[in-house]
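# Summary of structural features
Residues per chain, in single letters:
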Amino acid sequence: MNKNIRKISEGAMFLAIVGAALLINRGLSFILDQYVSIISSLVLIVYIKRFSFKDGLMMAFGIFFLSFMFGGTYVLLYAPLSILAGLVYGYGIERGFDSKRILFTLVILYTIGEFALTFIFLPMFGFGDLNEMTAVISEMLGYYNISLSGETLLKFTKISYAIATFLLAIIEAILLHLCTIIIFKKFKLGEIKMRPLSEIRIRAEYAYASIASIILMVLFFNYTENEIIIYSLLALSMIGAALLIAQGYIFCLVYGIIVFRRNISITLVLMILVALPYSLIILIVLGFLYSTGPLYKYIVKKRGY
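Given the structure is predicted, the values throughout are model-derived calculations rather than measurements.

The rules behind each value
- Residues numbered from 1 in each chain as written.
- Predicted model: local features only at pLDDT ≥ 70, side-chain atom pairs only at ≥ 80, totals over all residues.
- Heavy atoms only, no water.
- Helix = DSSP H or I, 4+ residues; strand = E, 2+ residues; numbered from the N terminus.
- Buried < 20%, exposed > 50% of the residue type's maximum accessible area, 1.4 Å probe, protein only.
- Lys, Arg positive; Asp, Glu negative; His and termini not counted.
- Salt bridge = Lys/Arg side-chain N within 4 Å of Asp/Glu carboxyl O.
- Contact = heavy atoms within 4.5 Å.
- Expected span 1.5 Å × (residues − 1).
- Arc of directions from axis to C-beta.
- pLDDT = per-residue confidence, 0-100.
- Axes fitted to C-alpha atoms, helices over the stretch in contact; angles between N-to-C directions.
- Parallel < 35°, antiparallel > 145°, perpendicular 65-115°, else oblique.
- Left-handed = near helix turned anticlockwise from the far one by under 90°.

Let's shift gears to the side chain of Asp33. Mapping Asp33 onto the fold places it in helix α2 (residues 33–50). One buried charged side chain, Asp33, makes no salt bridge at all; its nearest oppositely charged neighbour is Arg26, positioned 9.3 Å away. Filtering out sequence-adjacent residues up to four positions away, Asp33 remains in contact with Asn25, Tyr74 and Val75.

Dropping the structure here:
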């Protein structure tokens, strides 16, 4: 087949995938906005790998046009970030950059993009209103019998919002990186060198420190009015939770590869399910058990990887 014809036909197929994701997201009342962004990035990366970065620019325009036509406001605002992430990753692969360098660049890109969206662009369109966030955080703290009000609650909200945004940027970069590795391996598009997933574990002492920081925040937060202690507990617990959530996500990915190694679609569905908000506590527990040994010994040593 002529190369130009293949570019057009495969480009149409890839755009159809993005369009289908956008329409499904619209039909589900835009509850899959974040996944549509990741799909858009993955489509760009694969297309650039198949052809070239220059061709990827045309694909990027097509994705943005589809986002404008069928995506909601949230998807449209995130479209430039997801497209830029796909272009950066695709360019790195085309130029043969080390995977660590690409991942580090992604973390920086997502951090800048997420902060710009969260604190500048989303509030302009009515998303992420600070008063609403304050009410949500106050309600969440109530579940742990933690009571804050007034200026302290407002400062707490701002700091927790900033930390959560930074952690979200890191998780998004890692998620895109892992999904790209899986797709490249499955469809034989090339090998992205990295350490075996089963060997990516935080040290046991860090896991214990992380779980201890979370417990300390829950138990002692209400018994001090010192702002330095309050914000220190918040920062440490959120960093600890992020480490364990990331570790738990890696465990689920390793488990899916081992158990469902012949059916990657089941593994991808598992990854989507454990990324939903209600799964965070489960991921923290799984991450702790995997880092400290029990789950690692079972899934890697016993089942093999």
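Once you've had a look at it, read on.
Let's shift gears to helix α8 (residues 204–220). In a regular helix each residue adds 1.5 Å, so 17 residues correspond to 24 Å; α8 covers 24 Å between its end C-alpha atoms and thus fits that length. Turning to α8, its buried residues are Ala207, Ser210, Ser213, Ile214 and Met217. For α8, the buried positions fall inside an angular range of 125° around the axis, keeping them on one side.

Chain-level pLDDT for the protein is 81 on average; 85% of the residues reach the 70-or-more range. Taken element by element, the protein is modelled with least confidence in helix α10 (residues 264–274), mean pLDDT 61, and with most confidence in helix α3 (residues 53–70), mean pLDDT 93.

Here the focus is the packing of α3 against helix α4 (residues 73–94). Contact geometry for α3 and α4: axes closest at 10 Å, N-to-C directions at 165°. The orientation of α3 relative to α4 falls into the category roughly antiparallel. Of the two elements, α3 crosses α4, and the hand of that crossing is right-handed. Residues Phe53, Gly56, Leu57, Ala60, Ile63, Phe64, Ser67 and Phe68 of α3 touch α4, and the partners they reach there are Val75, Leu76, Ala79, Pro80, Ile83, Leu87, Tyr91 and Glu94.

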